[in-house]
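# Inside the fold
This is what each chain is made of:
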Amino acid sequence: MTPEAVVNIRDVSFSFQTELNSLLVLEGVNLTVEPKDFLGIVGPNGGGKTTLLKLMLGLLTPQCGSVFVFGQPPRKVRARIGYVPQYAQVDGSVPADVLDVVLMGRLAHSTWGPKFGSAHIDAAHDALRRTDTQDLARRPIRTLSGGQRQRVLIARALAANADLLLLDEPTTGVDAHMEKGLVDLLKQLNDAIPIVLVSHDVSFVSTHLKRVVCLNRTATIHAAHDISDDVVADMYHMHVQPVRHDESCGHAGHGEPQ
């Protein structure tokens, strides 16, 4: 384990147990996340991407191998991990505004439960400022677009004083313009915090991130610029036609490779 590593995953295997059999999802996975990493995890459905994030969070425990975050078992440092799940549910019938949702990230730091003092409110406003959503503070959460909601959920994670940010498919349901803004935001946040991002979009990850984990039960790690047709075909066990992302835009700038 390198002293400066944020996440160390060593020889990890994980299976889901059912009454009839055992389903092997991850096998012999090794991964290190460094302090300045902007790391993407890509692979087919069922390849183990979300499972790997849940192991980093301590929500699951591997049958074999070890997972350490900040040198500790993940459950002991969960308050230092910001997590934005793929399908974050916010009940639209609840009269919560954006500031209320971001303050939920302060619950682990509040000795009064859902009652928040000025320090917590200041931390929430700072998180809104960092995600450029301060003008939405009093907007009902149900009125936000997909891209605005993702920014608010990232703000909730930052409000918890997170030292590591994990995101599961953050661009799902986000239009091209909002996607570009979200990418720019994550790049800015990455100056101060390591980010691990799960995506189904190989070309998106290889265009915008620093390193890529290709995961389909087993894992291989590449510099983002080294992701080739052969690497993708090996991961999916079939030929896949990648789509090139233009750096200047989101999905609207797609074109086939030249």
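Criteria and thresholds
- Residues numbered from 1 in each chain as written.
- Predicted model: local features only at pLDDT ≥ 70, side-chain atom pairs only at ≥ 80, totals over all residues.
- Heavy atoms only, no water.
- 1 Å grid on protein atoms, 1.4 Å probe; cavity = no way out; pocket = protein on both sides within 12 Å on 5 of 7 lines; lining within 4 Å.
- Points joined across faces, edges and corners; volume = space filled by probe spheres on them.
- Helix = DSSP H or I, 4+ residues; strand = E, 2+ residues; numbered from the N terminus.
- Nonpolar A, V, L, I, M, F, W, Y, C, P; charged D, E, K, R; others polar.
- Core = buried A, V, L, I, M, F, W, Y, C linked by side-chain atoms within 4.5 Å.
- Buried < 20%, exposed > 50% of the residue type's maximum accessible area, 1.4 Å probe, protein only.
- Contact = heavy atoms within 4.5 Å.
- Phe/Tyr/Trp six-rings, centres within 6.5 Å; stacked < 30°, edge-to-face > 60°.
- Lys NZ or Arg CZ within 6 Å of the ring centre and 35° of its normal.

## Details of the layout of surface pockets
To find the voids left in a structure, one rolls a probe of water-molecule size over its atoms. There is about 330 Å³ of room inside the largest pocket. Lining the largest pocket are 16 residues, with Ile81, Gly82, Tyr83, Gly105 and Ala160 sitting closest to its centre. Those elements that provide at least two residues to the lining of the largest pocket are β5 (81-84) and α4 (146-159). Counted by class, the lining of the largest pocket contains 11 nonpolar, 3 polar and 2 charged residues.

## A few points about the nonpolar core
The tendency in soluble globular proteins is for nonpolar side chains to be buried as a group. In terms of nonpolar packing, the biggest core is built from 42 residues, with Val98, Val102, Ile154, Leu165, Leu186, Leu189 and Ile195 touching the most fellow members. A total of 7 residues in this core trace back to one element, the largest contributor, which is α4. Every residue in contact with Ile195, bar those within four places of it in the chain, is listed here: Asp37, Phe38, Leu39, Leu165, Leu167, Leu186, Leu189 and Asn190. Listed in part, the 28 residues of the second largest apolar core include Val33, Leu55, Val198 and Val213.

## Let's talk about the packing of aromatic side chains
Using the criterion set out here, one finds 1 aromatic pair in the structure. Pairing Phe14 with Phe16 gives two aromatic rings, centres 4.8 Å apart and planes at 85°, and the pair type is edge-to-face. For Phe14, a relative accessible area of 5% puts it in the buried group. Above the ring of Phe70, the side-chain terminus of Arg80 is found at 3.8 Å from the ring centroid.

## Quick word on the environment of Gly105
Looking at the element boundaries, Gly105 is found in the loop between α2 (98-103) and α3 (118-130). You can call Gly105 buried: its relative accessible area is 13%. Between the alpha carbons of Gly105 and Ala159 there is a distance of 5.4 Å; along the sequence they are 54 residues apart. Discounting residues that sit within four places of it in the chain, Gly105 has contacts with Arg156, Ala159 and Ala160.

## Describing helix α1 (residues 49-57)
Residues lying three or four places apart along an α-helix face the same way, a consequence of the helix completing one turn every 3.6 residues. With respect to burial, α1 is a largely interior element, 7 of its 9 residues being buried. For α1, the set of buried residues is Lys49, Thr51, Leu52, Leu53, Leu55, Met56 and Leu57. Positioned one or two residues after α1, Gly58 has a phi angle of 80°, which is positive.

Interpretation note: all reported values are geometric properties and have no functional meaning in isolation.
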